[in-house]
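Chains, contacts and geometry: an overview
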Amino acid sequence: MGSTRLLLYAARRILLIVPVLLVALFLTFALTRIVPGNPVDRVAGPYISLERRAELKHIAYLDRPFYEQFALYLRDLSQGKMGTSYTTAQDVSKDLRQRFPATFELVTYAMLFAVAVALPLGISAAIKKDSWIDSIARAVSVLGVSMPIFWLGLMLLYVFFYFLGWLPGPVGRTGSAIRFAEPITGFLTIDALLKGDFDLFLKAVQALILPCFTLGFVAMAPIARMTRAVMAEALQSDYVRTARSLGLPFRVVVLRHALKNALIPILTITAAVYGYALGGEVLVEIIFAWPGLGQYSYNALLSSDFPAIQGFVLLVTFVYMVIYLALDIATAALDPRVKY
Amino acid sequence: MALLEVSDLRTSFFLRSGELRVLDGVSLEIQAGEVLGLVGETGSGKSVTAYSITRLLKQPGRVVGGEVKWDGRDLVRLWESELEQEIRGKEISMIFQSPREALNPVITVGRQLTQVLRIRRGMDRREARAEAIRILKSVYISDPESRLDSYPHELSGGMAQRIMIALALSCQPRLLIADEPTTGLDVTTQHQIVLLLRELRDRTGMAILLITHDLALAAQLCDRVAVLYAGRIAEMGPIGHLFRSPRHPYTAALLASRPRLGLQGDILTIPGNVANLMRPPGGCRFHPRCPNATQVCAQQQPPLEPMDPGQRVACHNPMPQRQELAASG
């Protein structure tokens, strides 16, 4: 009975994605058209005839009123077309398909790294307040929040690439210009293993280490801090005292009683950081020449590449919604008091 | 030999503003199968005594001195792991006030029970389930099979306290510490819990340390009572003696300040405030509020000494013994 209700709830939430996407799209559309700057001038340059300019405007629907542009965009979208990028001259959906896996792989590994460190660190800090491990947790939190991400990335490159020479420099996903004919999952590490190309796997991992660490270190700070705070509260709670009064081993008390209660806020902040990182790790991608969404969106914004910007916002909003949907379902499954 | 013997127990809370000496030499003993009441005002150290015994004090509390003897072993000096494996749950269990908060909100009642049975009594899944149902029946929970799937927020206060009692009984302890077990429950439910505790004592022979500020509750359930004031035992003895002929002025004042049916006029109150535990008064801690206080009370701490008609009292100037009792012996 509980699981059917959960499924219905999930279905309702999935339906809700569509209107949210429409609103996000409308806002993006409006903002790009309000901001001054004519993409035709940027793309075509100054030495172009007025006729050609008008023709280009017409092809891109830019000679039509705003609402018509929006309607036409929606019509194309319903047919699976996201428009042609002004800068790459490819369909935007193809651009995104090429770039999203790079970002997704980087951010996912960085988050796994961040959670793998932050969770034990926060729990240990909550158990042993004011101990050395608590000091480390606090240092990580402060550094992660206050250190500029580009500075951390550059320092790591300086030490591990330039000075020690242990890891590849900022040259993208593999450290060399290897092209993948047919990506399977889009995760280079997994694809390499699936194809049995161990050499490529190693290269991909090496290229991932520094950007993952850079991004993961920054993502770690809020997760560790939240873990410490909610675990400290849970460990002082009455139900933990009850569990201890029954002689349950401390490990069981911490992991099965306290952590189960603390998990929801920890998951919430992890989801927020994950979503944020997917749409906003531009600096890391630029420092490490990572061919992902961050770079793509950055270039699209600079060159007023309307279809690219719209496509990017659409994709990131969608991913955000999926992450939060997963979070809400997890919350409902974890906490019996949540009504849905 | 007593089941539990607490002597000169001292517990302090170390706050930023200084050391709060909550227990200042508490001594008491509990015999096997008896119900001892520990009564006193809020802040007198009743609950702290309980949590000092099982070493479950919350931060920043710490036992700083004294002994808690159990089977010849001193619980104060036991390793945490020994306490966990051999004492808590199996020898000494606890139930608490606000039972719903004492249960884990995100784990079903059944899982909380079977988890204890599997880890502490080494049962497998099937045995643990059967035993959980049996224990729930023994605390008079109707339809125990379906209750196993309930979460604490779905239970009434009385039901939650029954579940808590079931948890505490799951490893068949010899002593149950009940910390204000009926506070926050409605009167009918209070009565049912009292009856249940009394029956369980009779059936299992376990001793109960009942912590309460409710003298009427203590009178219903206890064999003996210890009155705590500002971290020291003021008076301790059989319930009949204490209620009929209190010798410590504080016990007398406490009894006089009870609301009673048919009471004429105002309820008597004890003048002044509970002692400041950061800078407790010298000598007897009750002397600033005591009608019988003399010079010696401010200087010397009175020892706990036997007094007629059969209790122990810590007072330089005790109340006179009531006549009708003295006459009857």
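The numbering scheme is per chain: residues are counted from 1 as the chain's sequence reads. Chains carry letters and ligands carry numbers; both start at the beginning, A for chains and 1 for ligands, and go up in the order they are written. Owing to the predicted nature of the model, reporting of local features is limited to residues with pLDDT of at least 70; listing and counting of side-chain atom pairs is limited to 80 or more, with chain, interface and lining totals taken over all residues.

Helices and strands together make up the secondary structure of chain B, namely 13 helices and 12 strands. We compute the radius of gyration over the C-alpha atoms and compare it with the globule rule, which gives 2.2 Å times the number of residues raised to the power 0.38. A compact globule built from 329 residues would reach a C-alpha radius of gyration of about 20 Å, and chain B, at 21 Å, matches this within 12%. Once the C-alpha set of chain B is aligned to its principal axes, its extents read approximately 65 × 45 × 40 Å. Secondary structure elements are defined from DSSP: runs of H or I of at least 4 residues count as helices, runs of E of at least 2 residues count as strands, and each element is numbered from the N terminus.

The secondary structure content of chain A amounts to 14 helices and zero strands. Start at the N end of chain A and walk to the C end: the helices and strands fall as α-α-α-α-α-α-α-α-α-α-α-α-α-α. A principal-axis box enclosing the C-alpha atoms of chain A has dimensions of 85 × 55 × 40 Å. Working definition of burial: number of other C-beta atoms within 10 Å of the residue's own, with buried at 20 or more, exposed at 12 or fewer, and partly exposed in between, all C-beta atoms being placed from the backbone. Here chain A holds 340 residues, and the buried ones make up 35% of them. By the convention adopted here, residues make contact when the C-beta atoms placed from their backbones lie within 7 Å. Across chain A, the fraction of contacts at a sequence separation of at least 24, relative to all contacts at a separation of at least 6, is 74%.

So, about helix H7 (residues 149–163) of chain A. Residues and elements named next belong to chain A. Here H7 is 15 residues long and its end C-alpha atoms lie 20 Å apart, about the 21 Å a rise of 1.5 Å per residue gives. What the bend at a residue measures is the angle between two axes, fitted to the seven residues ending there and to the seven starting there. By the largest-angle criterion, Leu157 marks the main kink of H7, which is about 25°. For H7, the full list of buried residues reads Leu152, Gly153 and Leu157. The inward-facing, buried residues of H7 abut helix H9 (198–235) and helix H12 (282–287). Directly beyond the C-terminal end of H7, a positive phi value near 70° is found at Gly165. The span one expects for a helix is its residue count, reduced by one, times 1.5 Å.

The subject of this paragraph is the pairing of strand S2 (residues 18–30) of chain B. The side chains of a regular strand alternate, residue by residue, between the two faces of the sheet. Residues and elements named next belong to chain B. The criterion for strand pairing is that DSSP finds at least two bridges linking the strands in question. Here 10 bridges tie strand S1 (residues 4–15) to S2, and the two strands are oriented antiparallel to one another. For Phe14, the partnering residue across the bridge sits in S2 and is Glu19. In this structure, the hairpin formed by S1 and S2 is closed by a connection of two residues.

On to the domain arrangement of chain B. Residue and element names in this part refer to chain B. How far each domain reaches was decided by an automatic or database domain assignment. Split into domains, chain B comes out as domain 1 (4–222) and domain 2 (229–328). Taken together, the contact between domain 1 and domain 2 spans 18 residues of the former and 16 residues of the latter. Mapped onto the side of domain 1 that touches domain 2, the elements with two or more residues apiece are S2 and helix H9 (215–221). Per-element accounting of the side of domain 1 that touches domain 2 gives the leading share, 10 residues, to S2.

Another aspect to go through is the sheet that holds S2 of chain B. Residue and element names in this part refer to chain B. Pairing is antiparallel in the open sheet, where four strands are placed in the order S2-S1-S4-S5. For this open sheet the edge positions go to S2 and strand S5 (73–74), each flanked by a neighbour on one side alone. Where S1 and strand S4 (residues 61–70) come together, eight bridges link them in antiparallel fashion. Considered in S4, the bridge of Ser7 is made with Glu67.

Cis geometry marks the peptide bond from Gln59 of chain B to Pro60 of chain B, where omega comes out at -5°. Looking at the element boundaries, Pro60 of chain B is found in the loop between helix H1 (46–53) and S4. Residue Asp308 of chain B is joined to Pro309 of chain B through a cis peptide bond whose omega torsion reads 0°. Of note, Pro309 of chain B is situated in the loop between strand S11 (305–307) and strand S12 (311–313). At Asp130 of chain A, a residue that is not glycine, the phi angle is positive and equals roughly 60°. Residue position: Asp130 of chain A is located in the loop between helix H5 (92–127) and helix H6 (132–146). When the 9 C-beta atoms within 10 Å are taken as the criterion, Asp130 of chain A is described as exposed.

It helps to recall that an α-helix has 3.6 residues per turn; residues three or four apart then point in one direction. Residue and element names in this part refer to chain B. All buried positions along helix H2 (residues 80–87) are accounted for by Leu83, Glu84 and Ile87. Each buried residue of H2 lies within a common arc of 120° when the element is viewed along its axis, so the set occupies one face. Those residues of H2 hidden inside the fold are in contact with S4 and strand S6 (92–95). Two residues or fewer past H2, Gly89 is found with a positive phi of approximately 85°. By arc we mean the arc of the directions from the helix axis to the C-beta atoms, nothing more.

Taken residue by residue, the interface counts 19 residues in chain A and 26 residues in chain B. Within the residue set of the side of chain A that touches chain B, elements represented by two or more residues are helix H10 (238–245) and helix H11 (250–280) of chain A. For the side of chain A that touches chain B, the leading source of residues is H10 of chain A, giving six residues. Gly is placed with the polar residues, together with every amino acid not listed as nonpolar (Ala, Val, Leu, Ile, Met, Phe, Trp, Tyr, Cys and Pro) or charged (Asp, Glu, Lys and Arg). Its residues placed into classes, the side of chain A that touches chain B shows seven nonpolar, six polar and six charged.

We now examine the nonpolar core. We define the nonpolar core as any set of buried residues of the types Ala, Val, Leu, Ile, Met, Phe, Trp, Tyr and Cys, connected via C-beta atoms lying within 7 Å of each other. Of all hydrophobic cores here, the largest spans 162 residues; its most connected members are Leu209 and Val227 of chain B. The leading source of residues in this core is H9 of chain A, at 19 residues. Each of domain 1 (4–222) and domain 2 (229–328) of chain B gives at least three residues to this core. In contact with Leu209 of chain B, not counting residues within four places along its chain, are Ile30, Leu36, Leu38, Ala50, Leu175, Ile177 and Ala178 of chain B.

All right, on to the confidence of the model for chain B then. In this model, chain B carries an average pLDDT of 90, and 98% of its residues clear a pLDDT of 70 or more. As a per-residue quantity, pLDDT reports the predictor's confidence and falls between 0 and 100. Helix H13 (residues 323–328) of chain B is the least confidently modelled element of chain B, averaging 53 in pLDDT, while S6 of chain B averages 96, the highest of any element.

Okay, the environment of Gln192 of chain B next. All names here are of chain B. Within the element layout of this structure, Gln192 appears in helix H8 (residues 187–204). The class of Gln192 is partly exposed, set by 16 C-beta atoms lying within 10 Å. Considered as a pair, Gln192 and Arg162 are 30 residues apart in the sequence and their alpha carbons are 9.8 Å apart.

To continue, consider the packing of helix H4 (residues 109–121) of chain B against helix H5 (residues 125–138) of chain B. Residues and elements named next belong to chain B. Lines are fitted to the C-alpha atoms to define the axes, a helix being fitted only along its stretch in contact, and any angle between axes, read from their N-to-C directions, falls within 0 to 180 degrees. Between H4 and H5, the shortest axis-to-axis distance is 9 Å and the interhelical angle comes to 115°. Here the hand of the crossing between H4 and H5 comes out right-handed. Across the interface between the two elements, Gly110, Leu113, Thr114, Leu117 and Arg118 of H4 pack against Ala128, Arg129, Glu131, Ala132 and Ile135 of H5. When the residues that make up the contact of H4 with H5 are grouped by side-chain class, the tally is five nonpolar, two polar and three charged. Each crossing gets its handedness from the near helix: less than a right angle anticlockwise from the far helix is left-handed, clockwise is right-handed.

Attention shifts here to the confidence of the model for chain A. Across chain A, pLDDT averages 87, with 97% of residues at or above 70. The secondary-structure element of chain A with the lowest mean pLDDT is helix H2 (residues 39–44) of chain A, recorded at 76, while H10 of chain A shows the highest, at 95.

All right, on to the environment of Arg285 of chain B then. All names here are of chain B. Residue position: Arg285 is located in the loop between helix H11 (249–256) and helix H12 (295–299). A sequence separation of 98 residues divides Arg285 from Val187, and the C-alpha atoms of the two residues are 34 Å apart. Setting aside its immediate chain neighbours within four residues, Arg285 contacts Tyr229, Ala230, Arg232, Ala275 and Pro280.

This next bit is on the sheet that holds strand S3 (residues 35–39) of chain B. All names here are of chain B. Strand order across the open sheet formed by eight strands is S6-S7-S8-S3-S9-S10-S12-S11, with mixed pairing between neighbours. Single-partner strands in this sheet number two, and they are S6 and S11. Strand-to-strand, the axes of this sheet are offset by a mean angle of 20°, without reference to chain direction. Here S11 pairs with S12 via three bridges, running antiparallel. Looking at the pairing, Glu305 lines up with Val313 of S12.

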